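Each chain, letter by letter, is given below.
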Amino acid sequence: MRRISWVLAMILCVTVVLAGCGKKDATAVVKDLNDVADTLQSKQGSYKGSGTMTLYTGEKPQDYQVEVWYQNPSYYRISLANAQKDVKQIVLRNDEGVFVLTPSLNKSFRFQSDWPDNQGQVYLYQTLVRGILSDNTRQFVNDKDSYVFDVAANYHSPSLVRQKIWLNKDNYAPKQVQVSDSEAHVVVEVKFTQFDFDAKFDKDSFDMKRNMSAMNDSSIGTVAQVDENGNLIDVDGMATGDDDSTDTPVTKELGDFGLIIPDYVPAGVKVKDTNKLENSSNHTALLRYDGTYQYTIMESRPLDRAVSLTSGTVVDLGFTAGLLTGDEQQTLTWMNDQGVEFRITSANLPVSEMSQIAASLEAQSGK
């Protein structure tokens, strides 16, 4: 009996050991993620992913269909389509700079920026891997078909504190991401429906004109210059130093959009006044706020043209990208999917507050 019991015990131990084989711990997964990151930096590094991003920053959740392309060394194409409005914006990086394109409206911004280097975007694989590798206090769960990490968030907004990342066990592709605030409320969620490494792209997949013409066969418009504070420089509608642009007449007038009022105002701040400029060809409106912070929101709907901006910092607003310019007085500039350009200018308003105001403007319509 003792011999039989000993044999059964040995069999049980072997069974336990074999059952444990193939189950990786956090250290093994992190090591593999380092290898994946190195592969993405190699000559053939690339990926293509798609899914749904949900923003919980407004009164109602906003859903966006997101598609992400990456090709070494630093080519990116992020397509964001508002599921409610059926309008697409494209964030593009190539050798010429960083672009935000709205092909259906024939509008584009060009930034001189190193985005997305050292800046977090929840839909970028490099950002997710960087978050896992950099957090030595990471929490790890070996789930049924996923490796799940709970790590510190590394995004532009201090209100985003934690992120939970699900990775496919087979190839470490992202499956889901949830980014939460200090009260553990999910603020941003991305669910990937497809993600492929070693993706193949056409030669002009990251070309600005190719992406603009994908939904619009008309010209990309003329290039206008903007100074370091985001103010438009009058160049009489002529292209300025951009060999790829063409001198093209305005093709259409999108019309007045009314007055778009944000539903978020920082604590201790009140509206000082609002003013719709009469006889403005761009339908310009000004909203001034005073109190704990002093800032101005300028809204306009420029005629069809591409806009070339000076160097600044790209700010991920979730639904699009904005450009932050200036030093003592900063201006955050972005355009929504209806062709309305916004600029928030202030000497003391934090960027995190600017981003919250921008998010609250996204869900509003003109009055």
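As shown above, the structure is provided for reference.
Cut-offs used in this document
- Residues numbered from 1 in each chain as written.
- Predicted model: local features only at pLDDT ≥ 70, side-chain atom pairs only at ≥ 80, totals over all residues.
- Heavy atoms only, no water.
- Helix = DSSP H or I, 4+ residues; strand = E, 2+ residues; numbered from the N terminus.
- Buried < 20%, exposed > 50% of the residue type's maximum accessible area, 1.4 Å probe, protein only.
- Contact = heavy atoms within 4.5 Å.
- Areas by Shrake-Rupley, 256 points an atom, 1.4 Å probe, with all protein chains shown as cover.
- Axes fitted to C-alpha atoms, helices over the stretch in contact; angles between N-to-C directions.
- Left-handed = near helix turned anticlockwise from the far one by under 90°.
- Nonpolar A, V, L, I, M, F, W, Y, C, P; charged D, E, K, R; others polar.
- Core = buried A, V, L, I, M, F, W, Y, C linked by side-chain atoms within 4.5 Å.
- Phe/Tyr/Trp six-rings, centres within 6.5 Å; stacked < 30°, edge-to-face > 60°.
- Lys NZ or Arg CZ within 6 Å of the ring centre and 35° of its normal.
- Pairing = 2+ DSSP bridges.
- Salt bridge = Lys/Arg side-chain N within 4 Å of Asp/Glu carboxyl O.
- Expected span 1.5 Å × (residues − 1).

Asks: Hey, could you run me through the overall build of the protein in this one?
Replies: Regarding its fold elements, the protein presents five helices and 21 strands. Looking at the protein as a whole, 48% of its 367 residues qualify as buried. Sequence-distant contacts in the protein: of pairs separated by 6 or more residues, those separated by 24 or more amount to 53%. Here the protein displays about 18000 Å² of accessible surface, and carbon together with sulfur accounts for 50% of that area.

Asks: Before we go on, may I ask you to explain the packing of helix α2 (residues 26-40) against helix α3 (residues 125-134) in this structure?
Replies: When two helices pack together, their arrangement is given by the angle between their axes and by how far apart the axes lie. Contact pair α2 / α3: the axes reach a minimum separation of 10 Å and the direction vectors enclose 145°. At the point where α2 passes α3, the crossing takes the left-handed sense. Counted together, Val30, Leu33, Asn34, Val36, Ala37 and Leu40 of α2 and Tyr125, Val129, Ile132 and Leu133 of α3 form the full contact between these two elements. Residue composition of the contact of α2 with α3, by class: nine nonpolar, one polar and no charged.

Asks: What should I look at first to understand the nonpolar core in this one?
Replies: Across soluble globular proteins, nonpolar side chains have a tendency to be buried as a group. Counting residues in hydrophobic clusters, the biggest one holds 72 residues, and the most contacted among them are Met53 and Ile78. If sequence neighbours within four positions are ignored, Met53 has contacts with Gln62, Asp63, Tyr64, Val66, Leu80, Val122, Tyr123, Val188, Glu189, Val190 and Gly318. Ranked by size, the runner-up nonpolar core spans 11 residues in total, among them Tyr75, Ile90, Leu92 and Phe99.

Asks: Can you help me understand the packing of aromatic side chains in this one?
Replies: The geometry of two aromatic rings is summed up by the distance between their centres and the angle between their planes. Per the stated rule, a full pass over the model turns up 18 aromatic pairs. Their ring planes at 70° and their centres at 5.2 Å tell us that Phe201 and Phe206 sit as a pair that is edge-to-face. Overall, the relative accessible area of 15% leaves Phe201 in the buried class. Classification of Phe206 as buried rests on a relative accessible area of 6%. Grouped by ring-pair contacts, the aromatic residues Tyr47, Tyr70, Tyr76, Trp115, Tyr125, Phe192, Phe195 and Phe197 constitute a single cluster. Taking the ring centre of Trp69 as reference, the NZ or CZ of Lys48 above it sits at 4.9 Å. Here the basic side chain of Arg77 rests over the ring of Trp69, its NZ or CZ set 4.3 Å away from the ring centre.

Asks: Can you walk me through the pairing of strand β15 (residues 285-291) in this structure?
Replies: Within a regular strand, side chains alternate between the sheet's two faces. Bridge analysis of strand β14 (residues 269-276) against β15 gives seven bridges, and the strand direction is antiparallel. Bridge assignment links Lys270 to a residue of β15, and that residue is Asp290. Taken together, the five bridges between β15 and strand β16 (residues 295-300) define a ladder with antiparallel strand orientation. Opposite Leu287, over in β16, you have Ile297 as the bridge partner. Where β15 folds back on β16, the antiparallel hairpin that results is connected by three residues.

Asks: In this structure, what is going on with the sheet that holds β14? I would like to understand it.
Replies: Two strands in a sheet stick together by hydrogen bonds in their backbones, pointing the same way (parallel) or opposite ways (antiparallel). The antiparallel open sheet is built from seven strands, whose spatial order is β14-β15-β16-β21-β20-β19-β18. Each edge of the open sheet is held by one strand with a lone partner, namely β14 and β18 (313-316). Adjacent strand axes in the sheet meet at a mean angle of 20° when their direction is disregarded. Helix α5 (residues 351-362) contacts β16, β18, β19 (321-325), β20 (330-335) and β21 (341-346) of the sheet and is inclined by roughly 25° relative to β20.

Asks: Got a minute to help me understand the side chain of Ser355 in this structure?
Replies: Relative to the helices and strands, Ser355 resides in helix α5. Apart from the residues lying within four places of it in its own chain, the contact partners of Ser355 are His156, Val315, Leu317 and Leu332.

Asks: What is the right way to look at the pattern of salt bridges in this model?
Replies: Opposite charge on two side chains lets them pair, provided their charged atoms get close. Evaluation of the coordinates by the stated rule reveals eight salt bridges. Here Glu67 ties to Arg77 by a salt bridge, and the two come within 3.4 Å at their closest N and O atoms. Of this pair, Glu67 sits in strand β2 (residues 62-71) while Arg77 sits in strand β3 (residues 75-82), and the two are 10 residues apart along the sequence. Between Asp273 and Arg288 there is a salt bridge, with the nearest N and O atoms lying 2.5 Å from each other. Of this pair, Asp273 sits in strand β14 while Arg288 sits in strand β15, and the two are 15 residues apart along the sequence. Several salt bridges converge on common partners, so that one network encompasses Asp202, Asp204 and Arg210.

Asks: Please explain α5 as it appears in this structure.
Replies: Helical periodicity: at 3.6 residues per turn, an α-helix aligns residues three or four positions apart in one direction. With 12 residues, α5 extends 17 Å between its outermost C-alpha atoms, agreeing within 8% with the 16 Å of an ideal straight helix rising 1.5 Å per residue. Counting buried residues in α5 gives nine out of 12 residues, a clear majority hidden from the surface. When α5 is considered as a whole, its buried residues turn out to be Glu353, Met354, Ser355, Ile357, Ala358, Ala359, Ser360, Leu361 and Glu362.

Asks: In this structure, what is going on with the environment of Gln62? I would like to understand it.
Replies: Turning to its location among the elements, Gln62 is positioned in strand β2. Assessed through its relative accessible area of 18%, Gln62 is described here as buried. It is 7.8 Å that separates the C-alpha atoms of Gln62 and Asn82, two residues lying 20 residues apart in sequence.

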